[in-house]
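Descriptive structure summary
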Amino acid sequence: MRRITTKTVALSLVAMLAAPLSGPSLAQQIDPADPSIVVTGELGPDMSAMTQGPDIKGVITARNGDKIKVTTADGTTTVVFINETTKIKSGGGFLGGGNNKLGAAALLNGLPVSMKTMQAGPVLLASQISFKNNDLKTANMIRNGTAQRFAEQTAATQALRSRMADIDNYNVKGTTNVYFDTGKYALSPQAKSELCAAASQAEATTNALMLVVGYTDSVGSDEYNQTLSEKRASSVINYLQQACHWKPYRMLTPTGMAESDPLASNDTEEGKAQNRRVSVNILVSKSVDGI
């Protein structure tokens, strides 16, 4: 990789784009063991040959330094880089003017965004990110909790990163499992009915949150099953919010667990069918249960 000097940075905008994406810089910012974000492709590409990339519309589902994972309505996930040249726009104006730090701080988990990108090989760089003011308010509620004294979202996210190791911090008030065909993440009519019933049960539970976890059977590779479990969880999240009117700020960050924690043996077709599921858990933090 060529060395970026002060002189070459000053010569062109492209060199400015290259600096924050170089290998040494990323190594300082990103923990490769962090399970919250999965990135494919090689780091540190030659950014001098950037071309216009695709427009992306979806929800921010993970953030790690200068990388953002965006999940679209069909469950597809894309990792996009940002840097100081990325324009961040809300409603009718740019956040913070030229202050990139203030703009980047607004890119929260759970925020619906529209992106314009530039592309170099497999790597995408966001040239512009826009979103609605009301969506930003909702994303802030997801991160900070609400006046009803819900558990802080940062604590909930950390719990999911440790694969639900801290689930004992919550009382489970109910669990609904919905099931999927092999390799699919589309919801059946029965699943849709059961999800709205679960939302009604949660609505009647004081201080309730929902935790959605996707699973698969043992068919397929670990990478394939991880992606499939995340798509199943996203399908359930979207339906709960759009059709069952469950509020986003009462939803803990969803996760996919692939073939972990099977309900039944994967040695039989019947067992596999039980394991192709999404679990919708109604939770109340022990610190607020009964208030």
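Above this note sits the structure.
Within the protein chain, the regular secondary structure consists of nine helices and 12 strands. With 291 residues in all, the protein chain has 44% of them scored as buried. Summed over all atoms, the accessible surface of the protein chain reaches about 14,800 Å², with 51% contributed by carbon and sulfur.

Our focus in this paragraph is the sheet that holds strand S11 (residues 255-256). Read across the open sheet, the four strands follow the order S9-S12-S10-S11; overall the sheet is mixed. With one partner strand each, in any of the chains shown, strand S9 (170-179) and S11 form the two edges of the open sheet. Where strand S10 (residues 209-214) meets S11, two bridges bridge the pair, whose relative direction is parallel. Paired with Val213 across the bridge in S11 is Thr255. Sheet strands in contact with helix H7 (residues 189-203) are S9, S10 and strand S12 (277-285), and its direction is about 165 degrees off that of S9. Helix-sheet contacts for helix H8 (residues 222-242) involve S9, S10, S11 and S12, and the interaxial angle to S10 is about 145 degrees.

With 21 residues, H8 extends 30 Å from end C-alpha to end C-alpha; this agrees with the ideal 30 Å at 1.5 Å per step. Listed as buried for H8 are Asn225, Gln226, Leu228, Ser229, Arg232, Ala233, Ser234, Ser235, Val236, Ile237 and Leu240. Buried residues along H8 sit in contact with strand S3 (67-71), S9, H7, S10, S11 and S12.

The next subject is unusual backbone geometry. One non-glycine residue, Ala258, adopts positive backbone phi at about 50 degrees. By the secondary structure assignment, Ala258 is in the loop between S11 and helix H9 (269-275). Phi at Asp261 is positive, roughly 50 degrees, even though this residue is not glycine. Relative to the assigned elements, Asp261 resides in the loop between S11 and H9.

Attention now goes to the nonpolar core. Leu195, Met210, Val212, Val236, Leu240 and Val280 are the most contacted members of the largest nonpolar core, which has 21 residues in total. Mapped by element, the contributors of at least two residues to this core are H7, S10, H8 and S12. Excluding residues within four positions of it along the chain, Leu240 makes contact with Leu195, Ala199, Met210, Val212, His245, Trp246, Met251 and Val280. Residues Ile60, Ile68, Leu124 and Ile129 belong to the second largest nonpolar core, which totals 19 residues.

Turning our eyes to something else, we now look at the packing of aromatic side chains. Per the stated rule, a full pass over the model turns up zero aromatic pairs. Over the ring of Tyr215 we find Arg277, and its NZ or CZ is 3.7 Å from the ring centre.

Strand S4 (residues 77-81) sits mainly inside the fold: four of its five residues count as buried. What sits between the antiparallel neighbours S3 and S4 is a turn of five residues, in which Gly75 has the positive phi angle 90 degrees.

Within the structure shown, the criterion is met by four salt bridges. A salt bridge links Arg250 to Glu203; the shortest N-O distance between them is 3.4 Å. Of this pair, Arg250 sits in the loop between H8 and S11 while Glu203 sits in helix H7, and the two are 47 residues apart along the sequence. Residue class for Arg250 comes out buried when judged on its relative accessible area of 10%. Of the charged contacts, one joins Glu269 and Lys272 as a salt bridge, the two residues approaching to 3.7 Å between their closest N and O atoms. Of the two residues, Glu269 and Lys272 both sit in helix H9, three residues apart, roughly one turn of that helix. You can call Glu269 exposed: its relative accessible area is 55%.

Moving on, we get to the state of the cysteines. Taken as a whole and judged by the stated rule, the model has one disulfide. Bridging Cys196 to Cys244, the disulfide has an S-S length of 2.1 Å. Looking down the S-S bond of the Cys196 and Cys244 bridge, the torsion is -90 degrees, so its handedness is left-handed. With Cys196 in helix H7 and Cys244 in the loop between H8 and S11, the pair connects residues that are 48 residues apart, well separated along the chain. Cys196 sits in the partly exposed class, given a relative accessible area of 25%.

Now for the packing of H7 against H8. Relative to each other, H7 and H8 sit at 60 degrees, their axes nearing to 10 Å. One finds that H7 runs oblique with respect to H8. When you trace H7 past H8, the crossing you get is right-handed. On H8, the residues touching Lys192, Leu195, Cys196 and Ala199 of H7 are Val236, Tyr239 and Leu240. Of the residues contributing to the contact of H7 with H8, the split by class is six nonpolar, no polar and one charged.

What counts and what doesn't
Residues numbered from 1 in each chain as written. Predicted model: local features only at pLDDT ≥ 70, side-chain atom pairs only at ≥ 80, totals over all residues. Heavy atoms only, no water. Helix = DSSP H or I, 4+ residues; strand = E, 2+ residues; numbered from the N terminus. Buried < 20%, exposed > 50% of the residue type's maximum accessible area, 1.4 Å probe, protein only. Areas by Shrake-Rupley, 256 points an atom, 1.4 Å probe, with all protein chains shown as cover. Pairing = 2+ DSSP bridges. Contact = heavy atoms within 4.5 Å. Axes fitted to C-alpha atoms, helices over the stretch in contact; angles between N-to-C directions. Expected span 1.5 Å × (residues − 1). Core = buried A, V, L, I, M, F, W, Y, C linked by side-chain atoms within 4.5 Å. Phe/Tyr/Trp six-rings, centres within 6.5 Å; stacked < 30°, edge-to-face > 60°. Lys NZ or Arg CZ within 6 Å of the ring centre and 35° of its normal. Salt bridge = Lys/Arg side-chain N within 4 Å of Asp/Glu carboxyl O. Disulfide = S-S within 2.5 Å. Parallel < 35°, antiparallel > 145°, perpendicular 65-115°, else oblique. Left-handed = near helix turned anticlockwise from the far one by under 90°. Nonpolar A, V, L, I, M, F, W, Y, C, P; charged D, E, K, R; others polar.

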